Amino acid sequence: MSVIIEISIFPTDKGPSVSPYVARVLKIIKASGLPYQLTPMGTCIEGEWSAVMAVVDNCFQELKSDCSRVYLSLKADYRKGRTDGLHRKVASVKAKLSS
């Protein structure tokens, strides 16, 4: 696996609480089988580029089906040959904090 993305996606036309829509998106991410990590401001997903981008598209299509306006922010970090970056990147920083 070589890319980690962080996606934040939600409708802007559904009122102040969008958690039901975030939950719908998270079900798609979970069903993909790719490693992911939910955070307060978005979700990180790790995998091969095409697989991760397919998940992003599926999430967008899900919200587009009944939302008139969808906000999507995407960040990506590609690193050739990386595996388990979701955990190893965090562990690397934590190790340096304790030294």
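Residues numbered from 1 in each chain as written. Predicted model: local features only at pLDDT ≥ 70, side-chain atom pairs only at ≥ 80, totals over all residues. Heavy atoms only, no water.

Asker: If you had to explain the pairing of strand β2 (residues 36-39) to someone new, which residues and values would you point to?
Answerer: A regular strand carries its side chains on alternate faces of the sheet. Here β2 runs beside strand β3 (residues 42-47); their pairing, made up of four bridges, is antiparallel. Within β3, the position partnered with Thr39 by the bridge is Gly42. Between β2 and the antiparallel strand that follows it, β3, lie two residues. (Pairing = 2+ DSSP bridges. Helix = DSSP H or I, 4+ residues; strand = E, 2+ residues; numbered from the N terminus.)

Asker: I'd like to hear about the environment of Lys96, residue by residue, with values.
Answerer: With respect to the helices and strands, the residue Lys96 is situated in helix α3 (residues 85-97). We classify Lys96 as exposed; its relative accessible area is 57%. Separated by 54 residues in sequence, Lys96 and Gly42 place their C-alpha atoms 25 Å apart. (Buried < 20%, exposed > 50% of the residue type's maximum accessible area, 1.4 Å probe, protein only.)

Asker: Describe the pattern of salt bridges, naming the residues involved and giving the relevant values.
Answerer: For side chains of opposite charge, pairing can occur when their charged atoms come near one another. Tallying each qualifying case throughout the model produces five salt bridges. A salt bridge links Arg82 to Asp77; its shortest N-O distance comes to 3.1 Å. The exposure class of Arg82 is buried, given its relative accessible area of 9%. Taken together, the shared-partner salt bridges connect Arg24, Glu62 and Asp66 into one network. (Salt bridge = Lys/Arg side-chain N within 4 Å of Asp/Glu carboxyl O.)

Asker: Explain the sheet that holds strand β4 (residues 70-78) to me, using residue names and the numbers behind them.
Answerer: The four strands are arranged β2-β3-β1-β4 in an open sheet whose pairing can be described as antiparallel. The strands lining the two open edges of the sheet, one partner per strand, are β2 and β4. Between one strand and the next, the sheet's axes are offset by a mean angle of 15 degrees, whatever the strand orientation. Set on the sheet, helix α2 (residues 49-64) makes contact with β1 (3-11), β3 and β4; between it and β1 the angle comes to about 5 degrees. (Axes fitted to C-alpha atoms, helices over the stretch in contact; angles between N-to-C directions. Contact = heavy atoms within 4.5 Å.)

Asker: Requested: an account of the pairing of β3, with residues and values cited.
Answerer: Counted residue by residue, β3 has six buried out of six residues, so it is predominantly covered. Side chains Gly42, Cys44 and Glu46 project from β3 onto one buried face, and the interleaved Thr43, Ile45 and Gly47 project onto a second face that is buried too. Inspection of the sheet shows β1 paired to β3 by five bridges, in the antiparallel sense. Bridged to Ile4 within β3 is Glu46.

Asker: Can you lay out the side chain of Glu46 for me, pointing to particular residues and giving the numbers?
Answerer: With respect to the helices and strands, the residue Glu46 is situated in strand β3. With no salt bridge to any partner, buried Glu46 finds its closest opposite charge in Arg82, at an N-O distance of 4.4 Å. For Glu46, the side chain forms a polar contact with the main-chain nitrogen of Leu86, separated by 3.1 Å. (Lys, Arg positive; Asp, Glu negative; His and termini not counted. Polar contact = N/O pair within 3.5 Å; in protein donor to acceptor, adjacent residues only side chain to side chain.)

It is worth stressing that arrangement in space is one thing and function is another; only the former is reported here.
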